[in-house]
Amino acid sequence: AIQIRSNAREYFSRGIQLRGNWLARLGGVNHDIELGLRYHEDEEDRLQRNSTYTQAGGTLVLNDLGLRGNAGNRIQQAQAWAAHIYDRMEIGNWVLTPGLRYEDIDQSRIRFETRTDRTYDPASRAADNVRDTRRNKTKVWLPGFGALYQFNNEFSILGGIHKGFSAPPNVPGVKEEESVNFELGVRYRSELWQVDAIAFLTDFKNLLGICTVSSGSNCEIGDAFNGNAATIQGIELSAGIDLAAGREFQVPVDLTYTYTSSQFDTDIADTEYWGDVQKGDPIPYVPENQFLLRFGLVVGKFRADLSANYIDGVCTRPACGEFDATDDSLTLDLGAAYAITSYMDLFTRIENLTNEQNIVSRQPYGARPNKTRTAAVGVRLAF
């Protein structure tokens, strides 16, 4: 039989956000203080049906219509409050940016049974037909602080420390992902050059994994798992220059390189999501080396770009066995555009110019390829 699902789903997402800024000079210090408040709610309503068909003479013939709700009869909801305060302070050559954010998130799910009695309307969501319920609440304070010191018009140093988090789904007992993020770097700006070098480190306390159709096939969709401690660290270097500076046309060249080291810092018993994790195993899908090199040309109303994007092969599972890794990939993209007016331009682009074929994922259900050579021509309007 061939099974076809009616993905009957309804969604809504709504809320309100308020934000205000106050500019002031107090005690010789320039302040740009921002206050924000947001309320958000959303809902996902599923009443899905799986029906089976047989194939006869190249045509699908209905075999069993299936009961409404047999592929999913549930409602998921979330309500969230968020508030933040942020102050950008200018003190001489210093720019200091302390801030604080608060998140309060309440998520729930209710599932209903599928009755074999076809006279019953599954959309009624009768109280006596509840299969199960679950809820997860998250409350978290997120402080942060950044600093920049400007030595002169060209050279500056910067740094920061911020708490990060990622909210779990409505799975009881799963904690929010928490991390502390550090960065330290230097920045150079001149008429010709733009150069940045930033070192970063993210120290995770409860690495969060959420099972989705695209992230894995050995777990139940919607489930979540905590991965305990993990670390991601590295350095990002970027540089840009216009090779035709001072002329009537431009030849911008940009290069960005990122080195990243990632690992689990604790052993984790065998899970459906990550498998068996040993301390020191790499975090899945975090490439060690990646770079982007872009050459451009701007002449009057015409502009073109050729870019080369390289990404290391990655482990798709911490154990990183023979079939738990992707390929290295180098992708060339070419694009061009011509401005007909200030509101309209013609463009064309070719992605994966050399038609490279690489495995870029192993989930779900085995190896997945990259996009093949793809071309597009179009008109873009801006108004």
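Our subject is the structure that appears above.
Residues numbered from 1 in each chain as written. Predicted model: local features only at pLDDT ≥ 70, side-chain atom pairs only at ≥ 80, totals over all residues. Heavy atoms only, no water.

## Section: the state of the cysteines
Move 1: Under the definition given, this model contains 1 disulfide.
Move 2: Disulfide pairing places Cys 315 opposite Cys 320 at an S-S distance of 2.0 Å. Since a negative S-S torsion denotes a left-handed disulfide, the Cys 315-Cys 320 link at about -80° is left-handed.
Move 3: Classification of Cys 315 by relative accessible area gives buried; the value is 15%. (Disulfide = S-S within 2.5 Å. Buried < 20%, exposed > 50% of the residue type's maximum accessible area, 1.4 Å probe, protein only.)

## So, a nonpolar patch on the surface
Move 1: Residues Phe 249, Leu 297, Val 299, Phe 302, Tyr 338, Ile 340, Tyr 343, Leu 346, Val 379, Leu 381 and Phe 383 make up a contiguous nonpolar surface patch of about 1,100 Å² in total accessible area.
Move 2: Elements supplying a minimum of two residues to the nonpolar patch: β17 (289-299) and β23 (374-381).
Move 3: Within the secondary structure, Phe 249 sits in the loop between β13 (230-242) and β14 (252-264). (Patch = residues over 30% accessible without salt bridge, like charges linked within 9 Å, V, L, I, M, F, W, Y side chains within 5 Å. Areas by Shrake-Rupley, 256 points an atom, 1.4 Å probe, with all protein chains shown as cover. Salt bridge = Lys/Arg side-chain N within 4 Å of Asp/Glu carboxyl O. Helix = DSSP H or I, 4+ residues; strand = E, 2+ residues; numbered from the N terminus.)

## Re the pairing of strand β7 (residues 130-150)
Move 1: Bridging between strand β6 (residues 94-112) and β7 involves 19 bridges; their strand directions are antiparallel. Paired with Leu 100 across the strands is Pro 143, a residue of β7.
Move 2: Relative to strand β8 (residues 155-166), β7 is paired through 7 bridges, and the arrangement is antiparallel. Across the sheet, Ala 147 pairs through a bridge with Gly 159, a residue of β8.
Move 3: Turn length for the β7-β8 hairpin, with the two strands adjacent in sequence and antiparallel, is 4 residues. (Pairing = 2+ DSSP bridges.)

## Describing the pattern of salt bridges
Move 1: Evaluated as defined, the whole model comprises 18 salt bridges.
Move 2: Between Glu 178 and Lys 205 there is a salt bridge, with the nearest N and O atoms lying 4.0 Å from each other. Taken together, the positions of Glu 178 in strand β9 (residues 177-189) and Lys 205 in the loop between β10 (193-204) and β11 (208-210) put the pair 27 residues apart, joining distant regions of the chain.
Move 3: The class for Glu 178 is buried, based on a relative accessible area of 16%.
Move 4: A salt bridge links Arg 187 to Asp 196; the nearest nitrogen and oxygen atoms lie 2.8 Å apart.

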